[in-house]
Each structure stands twice: as structure tokens, then as C-alpha cells.
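One-letter residues, chain by chain:
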Amino acid sequence: MAPIIPVLELRDVEKSFGPIDVLHEISLKVHEGEVLCLLGDNGAGKSTLIKILAGVHKPTSGTILMDGKPVEFDRPRDAADRGIATLHQFGGTFPLMSIGRSFFVGVEPQKKWGPFTVFDRKKANEIAVKAVRDFGITRIDDGDRLVGGLSGGERQSIAIARAVYFGARVLILDEPTAALGVKQAAHVLRIVNETKQRGLAVIFITHQVMHALAVGDHFAVLIRGAVAADFRKGDKTREEITDLMAGGESMADLEAELEGYAQNQEERPPSLGHT
Amino acid sequence: MNEFSHFLRRPEAATIISLAAVIVFYVIFGGVDLGKLFGAASWVNFAANLGIVAIPVGLLMISGELDISIGAMIPAGSMTTAILSGYYGYPIAIGMLGALSVGILVGFVNGILTVRTTVPSLIITLGSLVAMQGIILSASVLLTGNASVPLTAPDWAKFAFGQLIGGSHQVIIIWWLILTAIFAFVLHRTSYGNWIFAMGGDRDSARNLGIPTSKVTIILFILSASAASFVGMCQAILFNSAQVSGGMNFIFNAIVSVVVGGVLLTGGFGSVIGIFFGTLTFAIVNQGIYFTQIDRNWSNLIIGAVLLIAVGMNETFREKALSYVPKKMKA
């Protein structure tokens, strides 16, 4: 079903900072119209991997391929030019700018005003609002509103809509739901799904297994800088994935341990007022 | 009502309200004759000299940087003009070109140091402020043997830069209005303005989005330093002489005007109209007090109070702007 050549592929990518090895032999693929969920605990190497994909770091060894051809990113701009868009947790980074203005930073639409070339605010607002509304965010209808006044989910949505509008092919979402409430997170997940349906490849980084299972087609679990598991939707249950992320330590064991602790506490209830 | 709340969300709202409040205060408690106050030249002249420097300083602040070297650039501009055209007798055009070149050079150095190092621009321009004071004083004493240099400007230069319109209003007022219009146009109507706001919001993101942040920063530093040397040049032509001292007041006066005018000290928010009215407010408080029965020693207290009240209002209005949801969506 999926095209044979992946949009983005990592082959045996390794990264070390001086003597410290952060990533070992990472091999991953993501196809068009597919969501790859990158799971892992804090410190598993997720952020380093994102930075390599975004062109911030260069891999120590190994290759990055786009459409089957090796590529090198010397700076973030190179990755962006090839259609890799990386979005961070809080979405829009210009809270005090209007939706229309921040949408077009660096690529402002222009028009003639007498002898001058001016920023076309009306057009910017119209395009920005339409791009967001196409993703089903109907609450946004005024491009002059400040980005900082929107909810976290709405900001993420605008950031995704912006990347799609400017022709991103691979969307890297770094913990997009981490700071959001349940409703807002569902909102963002719907938009991730919509993005996938438009044929983009999505790399979704999270440590919330529920969110990953809701949108993911393909999962990779990172542990201590290596891919510990690589499987497709339906291959593993939620419990199995959670156990994997915890470094193989069974969650069931942990639960039993915590229960034992709680019982222990009940026998000796903590006395208030004394320390 | 709707239009009023729209007005409140703008960066210049607080300063316009402060300006009105100060005038009302002066009328009620100082017995000011409004006709006399508005007919007077002193505060308009004061505002024009300050305003030409305050606008580029404000633009820098919106972009997330600070320039305090302007304090030395005003005497640098006037001394360069006076030494070249007064002491050495070169044509005035050479003196003026020299003054602007000094501004461009110092602004360029400030800008380069800011983008190439991680030192905050406040510290960099503090360094160039003190260094330029040293250079001006030594150069003046070394070259002319004096700390004050006379200058006689030809009629055309007097007309354009040092004229007193109606015997009282400095021609620099017209320059101020023209520059305000140009800067307002660039900041609010062009792509460059959008870049300046984006840089103040998040410099790294702006750079990743393809904005030449280093180039824009250097240009803004050149604008503020050369605006200050332009003011110095005009003063030398107007007063027929230049002194090595003076100009230090401009540092705080400009920053107060800019902040009262609704520019966020940490960057990313503000307007040229706001800076314009912030400067007017400052000038009315500072110079308008002579038209009241209030002892002029109180003027700094009033400026301090206005600063705090205006900044408080700015914060409130910015909150309002952030939390603004169009009426029909509220239900």
C-alpha cells in the first residue's frame, strides 16, 4: 500500500558528543501518508534525533536519505528547504504578533501602494485564517488576533497549518500534546490525522502511549539511544509498549511494588503535624 | 464602545491616555493656560530633538536590543561638524557628511559586536558610549586645544537644519515629523517591519525562517547612532557652536519615552505612533511644568509617576490584546 521508497530514511545513524555516544545505529523509515511515532523516556535520545533531522546537528556516521537519495543538512535552513518542518511543543513562537503576520514571517505577501511595495495585511490574514479553517479550526476567524491569545491546541494547529501551506513533506512534531489538556490534545491529534491524509509523512514524538496509538501507523521505541523496538499498528498492546518504554521493566511489577508500598503506609498512617 | 476597546488593545493606547491625563493635571493643579502651552515652542523643540533619537532606539528595542551610546553620539555629531567646518573651515557639507559618517561607523561597530558576540547590547553600547566620550574630548583638545568649538553655517544649512520658524520653533520639528512618518511606514506597512517584530519575539526562530537577522540588527544600530549624530549636527548649526559635554540626558529620556510609548522592553511589541506620543508626553511633563504654578523641582516626580502608570496600563492593555476574542465567538 505504502510507496516503496520512503520519503525520509535514516540508515545506521550514530551521534556522539565527544566521548559520549548518544545515538547508536538508528535506522528508521517514514512514508508518505504515514505517521511514525517515536516513543521513548526522557534522555532516550529523542531530542538529539530530532535535531539531526532538523539540520541542527550532523550525524557522526550513517546516512540520511530523502526519496532514496542521500542528503546532508549543514544548517536548519537546508532541512527546511527540503520540506522538513520541525514544530516544537508550544507552537507559535511569536506570541505578540497577529496570526496573519506571524504566519508569513520571512515570506510576507506584498502589494503595490502608490510607488511603494507594502506588506499585504489583508491577504496575509485571509490566507492564514483559511489555512487554519481548512483543518477544521473554525473558532479562528480574525487574522488580527494575537497568537499569544490562542489556546495551546490552536497554536499547534496554526503551526501545522503553516507548515502544510508552505509545502512541508515531512512534519516533525516534538511532544505536541505534552502541555495540553485532554480536549486540546484530541484537537491536535485530529489535525495530525488530517495532515497524514493529505499525504504528508509525520514523525510524532511523544511519551504518551495513548496519543501515539490514536494516530500512529508505525512505532519505534528508543531506549538509551538505540531503537529497542520497531513495529506496526496492532502488533503490540498498550501495556507492552509502556513496558518497553520503561526500559523493559514491567509496569505490572512496578504497580505491584507501589501497591505493596501503599499497604505498608496504611499500616503506619502518616501522622500530621509531626516530622 | 467597540471602537474604544479596539483602541485600548493598541500599543499606543496608554501613552495617549497618559498625555491627556498630564495635561488635565496641569490645568487643574497648575492653572495652565492651554492656549499659552500649545502656542509655546519650548516643549515642541524639546520633543523634536528627543523624538528623532527615540524612534530608532524604540525600533531597536522592538527588535530586542538596546542602544545607550546615543548619549555620546549627540556631542560626537555636533563636534564633528564644528571641528571640520568651523575649526578647519571645510564646506559645511563636509562637516555634515563627517557627522553622519561617525554615526554610521559607531552604529556599525555596535551592530557587528552585537551579532558576533554573546555580550548583551546594553553592555556593548555602554562601552562605546564611554569610549566615544573619551574620543570626542581628546580629539577636540588635541585638534583645537579647546572643549568648545564655534561654527558659522551658511544660509542654506541654517535654513534646512538650524532655522527658527517664526523665531521660536526649531526646523528640526519638521525633520521629526518626516522621520516619524517614514519609520511608521516601514515598521507597520512593510515586510521589514514584520521582520523587526519577529526578531524581537524570537530571534532564533526568525533566523530559521530566513530573516537576515544580523543585517537587520546592524542597520538598526546604524540608524540609531546616525539619528543621534544628526541631532547633534542640527544643534551645532543652530547654536553656532558645539561642546564636548551634553547628550547624556538623552539616554534615559529616550528610553522613558519609548517605554511610556508602549514598547515592550524585552522586544516584540510596540508602535512608532506610540513612541511619538511617548515623546510628547515626556516633553509636556518636562517642559510644560514651566507653564504651571508647580515648582519645577517636582517634574521628575511626575515623570516617574507617569512612567509607572503608563507601563502599568501597557501591561493591562497587552493582557487585553492577548485575551481578546471577537464578540460573536464568546457565546
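Bear in mind the structure is a predicted one, so any value in this text is a computation, not a measurement.

Draft legend 1. Quick peek at the overall build of chain B. The helix and strand inventory of chain B stands at 15 helices and 4 strands. Against the compact-globule benchmark of 20 Å for 331 residues, chain B has a radius of gyration of 21 Å, which places it among compact chains. Expressed as a percentage of contacts within chain B between residues at least 6 apart in sequence, the contacts between residues at least 24 apart total 78%. A total of about 14300 Å² of accessible surface is found on chain B, and carbon and sulfur atoms cover 69% of it. Taking the average place of the 15 positive charges on the side chains of chain B and the average place of its 11 negative ones, the gap between the two points comes to 7 Å.

Draft legend 2. Molecular detail of the interface of chain A and chain B. Contacts between chain A and chain B engage 27 residues on the former and 28 residues on the latter. Of the roughly 2400 Å² buried between chain A and chain B, counting both surfaces, carbon and sulfur atoms make up 58%. Inspection of the region where chain A meets chain B yields 0 salt bridges. Our count for the contact surface shared by chain A and chain B stands at 6 residue pairs in polar contact (both at pLDDT 80 or more). Sorting the residues of the side of chain A that touches chain B by element identifies helix 2 (76-81), strand 7 (110-113) and strand 8 (116-119) of chain A as the ones contributing at least two each. No other element matches the 4 residues that strand 8 of chain A contributes to the side of chain A that touches chain B. Classifying every residue of the side of chain A that touches chain B gives 12 nonpolar, 7 polar and 8 charged.

Draft legend 3. Looking closely at the packing of aromatic side chains. Enumeration over the complete set of coordinates arrives at 22 aromatic pairs over all chains. When the centroid spacing of 6.4 Å and the interplanar angle of 40° are considered together, the rings of B:Tyr88 and B:Tyr90 count as tilted. Residue class for B:Tyr88 comes out partly exposed when judged on its relative accessible area of 42%. Relative accessible area serves as the criterion here: at 46%, B:Tyr90 is assigned to the partly exposed category. Cation over ring: A:Lys236 sits above A:Phe231, and NZ or CZ is 5.0 Å from the ring centre. Sitting above the plane of the A:Trp113 ring, B:Arg189 keeps its charged end 4.9 Å from the centroid.

Draft legend 4. Up close: the sheet that holds strand 5 (residues 69-71) of chain A. All names here are of chain A. Reading across the sheet, the 4 strands line up as 2-1-4-5 and stay open at both edges, with antiparallel pairing between neighbours. Only two strands of the sheet have a single partner each, and these edge strands are strand 2 (20-30) and strand 5. Adjacent strand axes in the sheet meet at a mean angle of 35°, parallel and antiparallel pairs treated alike. Sheet contacts for helix 1 (residues 46-53): strand 1 (8-17), strand 2 and strand 4 (61-66); angle to strand 1, the most-contacted strand, approximately 120°.

Draft legend 5. Fine view of the sheet that holds strand 10 (residues 201-206) of chain A. Residues and elements named next belong to chain A. Spatial ordering of the open sheet is given by 6-9-10-3-11-12, a layout of 6 strands whose pairing is mixed. Across the chains shown, the open sheet's two edge strands, defined by having one partner strand only, are strand 6 (84-87) and strand 12 (226-232). The average angle at which neighbouring strand axes cross in this sheet is 15°, direction not considered. When strand 9 (residues 170-174) meets strand 10, the two strands line up parallel, connected through 5 bridges. Within the sheet, the bridge partner assigned to Val-170 lies in strand 10 and is Ala-201.

Draft legend 6. Local environment of the pattern of salt bridges. Residue and element names in this part refer to chain A. This structure, assessed with the given rule, holds 18 salt bridges over all chains. Ionic pairing is found between Asp-78 and Arg-75, a salt bridge with its closest N-O pair at 3.7 Å. Of the residues examined, Asp-78 reaches a relative accessible area of 17% and is grouped as buried. Notably, a salt bridge pairs Arg-139 with Glu-154, separated by 2.8 Å at the nearest N-O pair. Residue Arg-139 is found in the loop between helix 4 (121-133) and helix 5 (152-165), and its partner Glu-154 is found in helix 5; the two are separated by 15 residues along the sequence.

Draft legend 7. Up close: helix 9 (residues 172-189) of chain B. Its 18 residues place the ends of helix 9 of chain B 25 Å apart at the C-alpha level, agreeing with the 26 Å of an ideal helix rising 1.5 Å per residue. Turning to helix 9 of chain B, its buried residues are B:Ile172, B:Ile173, B:Trp176, B:Thr180, B:Phe183, B:Ala184, B:Phe185 and B:Leu187.

Draft legend 8. Focus on the pairing of strand 9 of chain A. Residues and elements named next belong to chain A. Most of strand 9 is tucked away, with 5 of its 5 residues classed as buried. The alternating pattern of strand 9 places Val-170, Ile-172 and Asp-174 on one face and Leu-171 and Leu-173 on the opposite face, and all of these are buried. Here 4 bridges tie strand 6 to strand 9, and the two strands are oriented parallel to one another. Across the sheet, residue Ala-85 finds its bridge partner in strand 9, namely Leu-171. For the segment spanning strand 9, helix 6 (residues 182-197) and strand 10, crossover handedness is right-handed.

Draft legend 9. Seen up close, a negative patch on the surface. Residues and elements named next belong to chain A. On the surface, Glu-239, Glu-240, Glu-255 and Glu-259 cluster together into a negatively charged patch. Elements represented by at least two residues in the negative patch include exactly helix 8 (238-245) and helix 9 (251-267). Summarising the element assignment, Glu-259 is placed in helix 9.

Draft legend 10. Quick peek at the side chain of B:Arg318. Within the fold, B:Arg318 resides in helix 15 (residues 299-323). Residue B:Arg318 is classed as buried on the basis of its relative accessible area, which comes to 8%.

Draft legend 11. Structural detail: the environment of B:Ala93. Residues and elements named next belong to chain B. Of note, Ala-93 is situated in helix 6 (residues 92-116). Owing to a relative accessible area of 39%, Ala-93 belongs among the partly exposed residues under this scheme. Between the C-alpha atoms of Ala-93 and Leu-60, which are 33 residues apart in sequence, the distance is 29 Å.

Draft legend 12. The arrangement of the confidence of the model for chain B in detail. Considering every residue of chain B, the mean pLDDT works out to 91; 97% of them sit at 70 or more. Counted against residues more than four places away or in other chains, residues 327-331 of chain B, with its pLDDT under 50, gives 5 contacts.

Draft legend 13. Focus on the pairing of strand 4 of chain A. Residues and elements named next belong to chain A. In this sheet, strand 4 lies alongside strand 1 in antiparallel orientation, the contact comprising 5 bridges. Within strand 4, the residue paired with Glu-9 across the bridge is Leu-65. Relative to strand 5, strand 4 runs antiparallel, the two being bridged by 3 bridges. When the sheet's bridge partners are listed, Ile-64 is paired in strand 5 with Val-71. In this structure, the hairpin formed by strand 4 and strand 5 is closed by a connection of 2 residues, where Asp-67 is found at a positive phi of approximately 50°.

Draft legend 14. Seen up close, the nonpolar core. Core analysis: the biggest nonpolar cluster contains 96 residues, and B:Tyr26, B:Trp43, B:Val53, B:Leu59, B:Trp176, B:Met233 and B:Ile237 have the highest contact counts within it. Among the elements that take part in this core, helix 4 (residues 42-62) of chain B stands out by supplying 14 residues, more than any other. Excluding anything up to four places from it in sequence, B:Val53 contacts B:Ile70, B:Ile74, B:Ala227, B:Ala228, B:Val231 and B:Phe250. One finds A:Phe135, A:Leu173, A:Ala185 and A:Phe231 within the second-largest nonpolar core, a separate group that totals 48 residues.

Criteria and cut-off values
Residues numbered from 1 in each chain as written. Chains lettered and ligands numbered in written order. Predicted model: local features only at pLDDT ≥ 70, side-chain atom pairs only at ≥ 80, totals over all residues. Heavy atoms only, no water. Helix = DSSP H or I, 4+ residues; strand = E, 2+ residues; numbered from the N terminus. Rg over C-alpha atoms; globule rule 2.2 N^0.38 Å. Contact = heavy atoms within 4.5 Å. Areas by Shrake-Rupley, 256 points an atom, 1.4 Å probe, with all protein chains shown as cover. Lys, Arg positive; Asp, Glu negative; His and termini not counted. Charge placed at Lys NZ, Arg CZ, Asp CG, Glu CD. Buried area = accessible area lost by both parts, 1.4 Å probe. Salt bridge = Lys/Arg side-chain N within 4 Å of Asp/Glu carboxyl O. Polar contact = N/O pair within 3.5 Å; in protein donor to acceptor, adjacent residues only side chain to side chain. Nonpolar A, V, L, I, M, F, W, Y, C, P; charged D, E, K, R; others polar. Phe/Tyr/Trp six-rings, centres within 6.5 Å; stacked < 30°, edge-to-face > 60°. Buried < 20%, exposed > 50% of the residue type's maximum accessible area, 1.4 Å probe, protein only. Lys NZ or Arg CZ within 6 Å of the ring centre and 35° of its normal. Pairing = 2+ DSSP bridges. Axes fitted to C-alpha atoms, helices over the stretch in contact; angles between N-to-C directions. Expected span 1.5 Å × (residues − 1). Right-handed = clockwise from strand over helix to strand, strands pointing away. Patch = residues over 30% accessible without salt bridge, like charges linked within 9 Å, V, L, I, M, F, W, Y side chains within 5 Å. pLDDT = per-residue confidence, 0-100. Core = buried A, V, L, I, M, F, W, Y, C linked by side-chain atoms within 4.5 Å.

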